[in-house]
Amino acid sequence: MIRAAGRGKLTAAMVTLPVLPIAWFVALQEHPVWMPAAYLGYLLVVIVIPGTMFWRRLTGGVGWRAADVVLGTAFGMAAEALLYPLGMLFDMPFAALLMPALAFGMWRALPRNKLPERPAPWWSMAGVMVAVGVAAAWFVRVGSHLVPLTGPDALRPSSDAPHNLAIAAELTHHFPPRFPYADGGRLTSHWAAYEHIASAHWITTVPLDVLTHRMAPFAWMLLTVLGAAAVGMLLTGRAVAAPIAAGLVVAGGDLVAWPWAVSDRVFADGPFSLGGLTNPPQAFSTVLLLPLVAVTTLLLRRRPGTTRAQLFRLYVAAGVLVAALALTKATTLPVYATGLAVAWIYLTVRRGRLNLRALVLGVGVAAAYALTFFFVLRGAASTVRFDPGATFHSLAGRMGGGSAVTVIAAVVVVGWVMPLVGALLIKRGDVMVVFLLAGFVAAVLGAVLLADRGDTQLFFVRTGFVLGVLLATWGLGSLERRQYWIAGVAVAIGVAAIYWGRHQSPRSCASANCFGQTLAVALAIAALGIGVFGLVLRGSRRTWAVIAVAVLVGTTVSPTVGSVRRFANPPLTSYESIAPGGIEAARFIRRNSGSADRIATNVHCHQARASHCQTGSYWIAGYAERRVLVEGWSYQARVDDSYPAGVQGPYRDQDLLALNDEVFSNPTRQTIETLRTKYDVQWLLLDERVGAPPKNLDKLTELRFQLGSVRVYQIYPPPPANPYPSKSPTQSPSQDPSTPFPSSSTSGSPGFPTTPFPTTSSSFPTPSIPTGTQPTVPFPTVSLPTGTQPVPTGSFPTTLPPYQPNSPGTISGSTPPGLPHSG
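Calculation rules
- Every chain is numbered on its own, with residues counted from 1 as its sequence reads.
- The model is predicted, so local features are restricted to residues of pLDDT at least 70 and side-chain atom pairs to those at 80 or more, both for listing and for counting; the totals for chains, interfaces and linings are taken over all residues.
- Water and hydrogen atoms were dropped before computing side-chain values, which therefore reflect all heavy atoms in the structure.
- Nonpolar side chains (Val, Leu, Ile, Met, Phe, Trp, Tyr) are joined into patches within 5 Å and like charges within 9 Å, using only residues with over 30% relative accessible area and no salt bridge.
- The Shrake-Rupley method, run with a 1.4 Å probe, gives the accessible areas here. Residue values count only the displayed protein chains as cover.
- Salt bridge, as used here, is a side-chain nitrogen of Lys or Arg placed within 4 Å of a carboxyl oxygen of Asp or Glu.
- Helix numbers and strand numbers start at the N terminus; a helix is a DSSP run of H or I with at least 4 residues, a strand a run of E with at least 2.
- Three labels apply to residues, based on accessible area from a 1.4 Å probe with only protein chains included: buried if under 20% of the type maximum, exposed if over 50%, partly exposed otherwise in between.
- The definition of a polar contact used here is a pair of N or O atoms within 3.5 Å, where within protein one atom must be able to donate a hydrogen and the other to accept one, and adjacent residues in sequence count solely through side-chain atom pairs.
- When checking whether two residues touch, look at their non-hydrogen atoms; a contact exists if any pair is within 4.5 Å.
- Throughout this description, the term nonpolar core refers to a set of buried Ala, Val, Leu, Ile, Met, Phe, Trp, Tyr and Cys residues connected via side-chain atoms within 4.5 Å.
- An axis is simply a line fitted to the C-alpha atoms; with a helix, the fit covers only the stretch in contact. Between two such axes, the angle follows the N-to-C directions and lies from 0 to 180 degrees.
- An angle counts as roughly parallel when it lies under 35 degrees, as roughly antiparallel when it exceeds 145, as roughly perpendicular when it falls between 65 and 115, and as oblique in every other case.
- Crossing handedness is defined as follows: a turn of the near helix away from the far one that is anticlockwise and smaller than a right angle gives a left-handed crossing, while the clockwise case is right-handed.
- Note: two strands are recorded as paired if DSSP finds a minimum of 2 bridges between them.
- Here the nonpolar group is Ala, Val, Leu, Ile, Met, Phe, Trp, Tyr, Cys and Pro; Asp, Glu, Lys and Arg are the charged ones; every other residue, Gly included, is treated as polar.
- Centres within 6.5 Å make a pair out of two Phe, Tyr or Trp rings, where for Trp the six-membered ring is used; the pair is then stacked when the planes are under 30 degrees apart, edge-to-face when over 60, and tilted otherwise.
- Two conditions define a charge sitting above a ring: the NZ of Lys or the CZ of Arg must be within 6 Å of the ring centre, and it must be within 35 degrees of the ring normal.

1. Points about a nonpolar patch on the surface
Logical step 1: A cluster of nonpolar side chains, contributed by Leu86, Leu89, Phe90, Met92, Leu98 and Leu102, occupies part of the molecular surface with about 610 Å² of accessible area.
Logical step 2: For Leu98, the position within the fold is in the loop between helix 4 (65–89) and helix 5 (99–109).
Logical step 3: For Leu98, a relative accessible area of 43% puts it in the partly exposed group.

2. Topic: the side chain of Thr331
Logical step 1: Among the secondary structure elements, Thr331 is positioned in the loop between helix 14 (308–326) and helix 15 (332–351).
Logical step 2: With relative accessibility at 8%, the residue Thr331 sits in the buried group.
Logical step 3: In terms of polar contacts, Thr331 uses its side chain to reach the side chain of Thr463, at 3.1 Å.
Logical step 4: Setting aside residues up to four positions removed in sequence, Thr331 forms contacts with Gln282, Thr456, Phe459, Phe460 and Thr463.

3. Side note on the nonpolar core
Logical step 1: The biggest cluster of nonpolar side chains holds 223 residues, and the ones touching the most others in it are Trp416 and Leu684.
Logical step 2: The greatest single-element share of this core, amounting to 20 residues, is contributed by helix 9 (residues 208–236).
Logical step 3: Contacts of Leu684, omitting those with residues within four sequence positions, involve Ala600, Val663, Phe664, Leu675, Leu697, Thr701, Arg711, Val712, Tyr713 and Ile715.

4. Points about the packing of helix 13 (residues 280–300) against helix 15
Logical step 1: Packing of helix 13 against helix 15 brings their axes to within 11 Å, and their N-to-C directions diverge by 15 degrees. Between helix 13 and helix 15, the interaxial angle falls into the category roughly parallel. Note that helix 13 runs across helix 15; the crossing there is right-handed. When helix 13 is examined against helix 15, the residues Ser285, Leu289, Leu292, Thr296 and Leu300 are found in contact with a partner set consisting of Thr332, Tyr336, Leu340, Ala343 and Leu347.

5. Side note on the pairing of strand 5 (residues 681–687)
Logical step 1: Counting buried residues along strand 5, six of its seven residues qualify, which places the element largely inside the surrounding structure.
Logical step 2: Pairing analysis gives four bridges linking strand 3 (residues 598–601) to strand 5, with the strands arranged parallel. Looking at strand 5, one finds that Thr601 is bridged to Leu685.
Logical step 3: By the bridge criterion, five bridges tie strand 5 to strand 7 (residues 710–714) in an arrangement that is antiparallel. Counterpart to Leu684 in the pairing with strand 7 is Tyr713.

6. Observations concerning unusual backbone geometry
Logical step 1: Of note, the amide linkage connecting Phe175 to Pro176 takes the cis form, showing an omega dihedral of 0 degrees.
Logical step 2: Backbone geometry at Thr205 places phi at a positive 65 degrees, although glycine is not the residue there.
Logical step 3: Examined against the element boundaries, Thr205 turns out to sit in the loop between helix 8 (192–204) and helix 9.
Logical step 4: Thr205 sits in the exposed class, given a relative accessible area of 51%.
Logical step 5: Notably, Arg609 is not glycine yet its phi reads approximately 60 degrees, a positive angle.
Logical step 6: Tracing the sequence through the fold places Arg609 in the loop between strand 3 and helix 26 (619–624).
Logical step 7: Residue Arg609 is classed as exposed on the basis of its relative accessible area of 65%.

7. Overview of the packing of helix 18 (residues 405–417) against helix 19 (residues 431–449)
Logical step 1: Relative orientation of the contacting elements helix 18 and helix 19 amounts to 160 degrees, with a least axis distance of 11 Å. Classified by the angle their axes make, helix 18 and helix 19 are roughly antiparallel. The way helix 18 lies across helix 19 gives a crossing that is right-handed. Counted together, Val413, Trp416 and Val417 of helix 18 and Phe440, Val444, Ala447 and Val448 of helix 19 form the full contact between these two elements.
Logical step 2: Grouping the amino acids of the contact of helix 18 with helix 19 by side-chain chemistry returns seven nonpolar, no polar and no charged.

8. What about the packing of aromatic side chains?
Logical step 1: All chains considered together, the criterion is met by 20 aromatic pairs.
Logical step 2: Look at Phe94 and Trp202: their rings are 5.7 Å apart centre to centre, the planes differ by 70 degrees, and that puts the pair in the edge-to-face class. Placement of Phe94 in the loop between helix 4 and helix 5 and of Trp202 in helix 8 is noted, with a sequence separation of 108 residues between them.
Logical step 3: Among the residues examined, Trp202 registers a relative accessible area of 27% and is labelled partly exposed.
Logical step 4: Ring geometry for Tyr181 and Tyr618: centres 4.6 Å apart, planes at 65 degrees, overall edge-to-face. Within this pair, whereas Tyr181 is found in the loop between helix 7 (160–173) and helix 8, its partner Tyr618 is found in the loop between strand 3 and helix 26, the two being separated by 437 residues in sequence. The same class applies to Tyr181 as to Tyr618, namely buried.
Logical step 5: Aromatic ring contacts, followed pair by pair, group Trp24, Tyr39, Tyr42, Phe139 and Phe218 into a single cluster.
Logical step 6: Geometry around Phe459 places Lys329 over its ring, the cationic atom sitting 3.9 Å from the centre.

Written out as structure tokens, the structure is:
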């Protein structure tokens with residue numbers, strides 16, 4: 001028996017280990033191999049190994065080593081999310097490197113009891129790896145194309161991608177974070193997901209955009225697949241639940257595969273939805289929610305023989321996860337808290353006494369939510385409002401449904417609750433069934449009863465949908481061995497039903513009949529299949545229940561395949577929301593500036609010269625990794641009620657915005673000096689599509705970069721009032737004491753300039769000199785250049801290299817000595 005168990009572990013390891021790295025490198029094949037290798041090494045050394053050690057010492061494990069590794073990895077990310085800001089407060093961005101040492105210390109300090117474990121069968125691990133392979137293939141086909149990183153398409157993203165990059169850049173260089181695209185107030189939104197990206201960027205040096213739009217989202221998707229498999233094994237106590245959960249995460253969901261729905265990403269509400277790629281907090285919150293469900297299971301089920309010390313360690317593990325979730329996504333803890341509250345009531349009523357475990361956990365959740373609201377969100381009022389049915393009115397308007405709101409509401413809700421039928425197959429009563437049911441119902445009610453300008457209430461469903469997947473997994477995982485072939489055939493019937501109904505529906509819908517046609521056809525086929533298959537088998541009531549549940553769950557198995565066909569092309573804008581040459585210009589500023597440098601720009605709208613300015617421009621703060629005085633401010637309005645006009649309202653400081661824009665329309669030495677001294681602006685980024693560069697801007701600053709429609713200027717301090725001090729206190733009687741050089745009557749003196757700089761009446765403009773160092777040769781008198789040569793060529797002070805006029809796409813000179821560099 002021991003030998004069989006050993007062979008089972010060895011076989012499972014041989015099946016499992018090669019698939020994950022192969023899937024990882026295949027999915028990220030568009031990048032140089034060192035990038036996915038560096039990030040994978042970071043995960044293993046900093047996250048996986050320490051996180052697993054933390055998890056097993058605090059929780060005692062869940063019974064399978066493979067499940068502990070997966071849940072421990074997610075726990076390691078939660079610990080990293082709490083450790084990174086502490087390190088940034090002390091200018092230690094590499095604080096995550098302390099995790100291996102902390103884990104080793106905990107491993108030595110806490111008692112090392114031998115944990116009871118069961119071997120994971122090879123077929124269970126093989127099934128999970130099939131789901132991982134499908135996830136990698138989906139990412140290659142769809143996910144890696146949603147946000148182009150190179151080429152012309154990289155200039156046409158929606159506002160979400162640059163916004164995510166800007167927040168990641170802010171967490172990389174600053175803490176506490178501020179709005180990097182409208183620098184003037186604390187960042188009042190959840191930011192823990194971006195801490196992982198920032199920490200990985202510091203340690204691996206992988207570019208921030210690659211981490212934000214590729215590696216981190218794909219890693220979180222894989223962890224969602226594996227984490228659901230691990231929690232499914234814990235809930236059911238059976239290894240067969242692992243491939244079922246992994247398969248439902250990848251292929252299941254709501255009824256999104258209908259033609260009218262798949263064209264809009266908002267309906268991909270399963271845990272493997274596209275929202276996980278375009279919204280890092282959503283994907284990260286799902287990863288953290290799964291180990292929290294596991295810890296909750298260990299606490300509420302009252303594992304026999306649990307000591308007070310072990311109970312305390314479970315509370316510590318739950319506290320770390322709750323704190324990280326509170327910093328990650330606003331829609332996660334309310335869903336979890338509702339399920340926990342209903343479970344507490346159930347346990348209290350069932351046992352006739354107050355259940356302290358659930359109560360203590362609930363108090364911890366409330367405390368974490370309150371602290372986040374006051375210290376992270378800083379008490380900012382949410383724009384979410386109570387408006388029943390507004391979600392469906394919004395969706396109907398976006399899809400051209402018009403009067404079909406009732407039909408759309410019925411179809412969407414049926415698709416959302418479909419995974420809950422899995423609870424009908426769970427044999428024994430368990431508090432976790434109550435927890436999962438209550439949590440998911442609360443998520444659906446939140447999406448139905450609440451509303452927001454950006455439809456953010458739909459994230460309640462995206463958060464809670466994984467709970468429905470776990471219920472369906474639990475039900476299907478509770479079957480007897482001989483019933484699995486019945487369930488397999490029934491699932492195939494459900495898949496055929498939804499695909500046939502979708503095939504019969506036209507590609508565009510504009511009436512209630514069209515919206516209901518797919519559902520009617522699919523349910524008719526499903527009912528017919530249930531009846532025929534049940535009569536053929538002539539089984540018991542349990543058999544009929546298995547057939548019905550499996551068919552209904554099968555109707556949801558389609559979003560992945562449908563999205564592979566429909567979302568092969570990225571959802572880009574028809575215009576260039578990023579200026580041509582803008583990415584290169586922003587990266588030039590990043591290379592030649594320090595993290596404290598600030599940028600001013602004339603770019604505020606998502607579309608240049610649009611009739612209606614959508615104030616959603618964030619790409620400068622994202623690619624430059626520097627704060628911008630005023631760029632865009634739409635997302636700031638969503639959590640800050642100081643903008644009464646809403647998301648597209650005016651900027652909160654109109655005087656500052658006017659000062660910023662004046663530099664790009666009518667610059668003067670005074671306005672530029674105000675930006676430099678009062679607001680610490682060192683760089684100007686001008687987009688010629690917004691406005692032509694003023695003629696005198698290159699006289700007051702230095703043009704450092706020019707490409708496409710973008711120009712980058714650097715601001716230097718003005719020259720001192722007395723750049724050439726007299727070496728002798730004695731002066732000629734004919735010389736005015738206020739002038740350090742002879743008057744114009746001495747202009748014939750050889751080698752002596754008439755004045756230190758040309759006067760305003762001269763044909764040569766007064767140049768801006770960064771320091772007061774005396775020139776080694778006289779300034780030449782030349783006429784003002786025109787065209788693309790805004791700066792006169794001549795001998796500059798020795799502290800600044802001579803300016804070389806830029807042709808498009810060139811960089812002038814090198815970085816002046818003394819300027820900080822940033823990687």
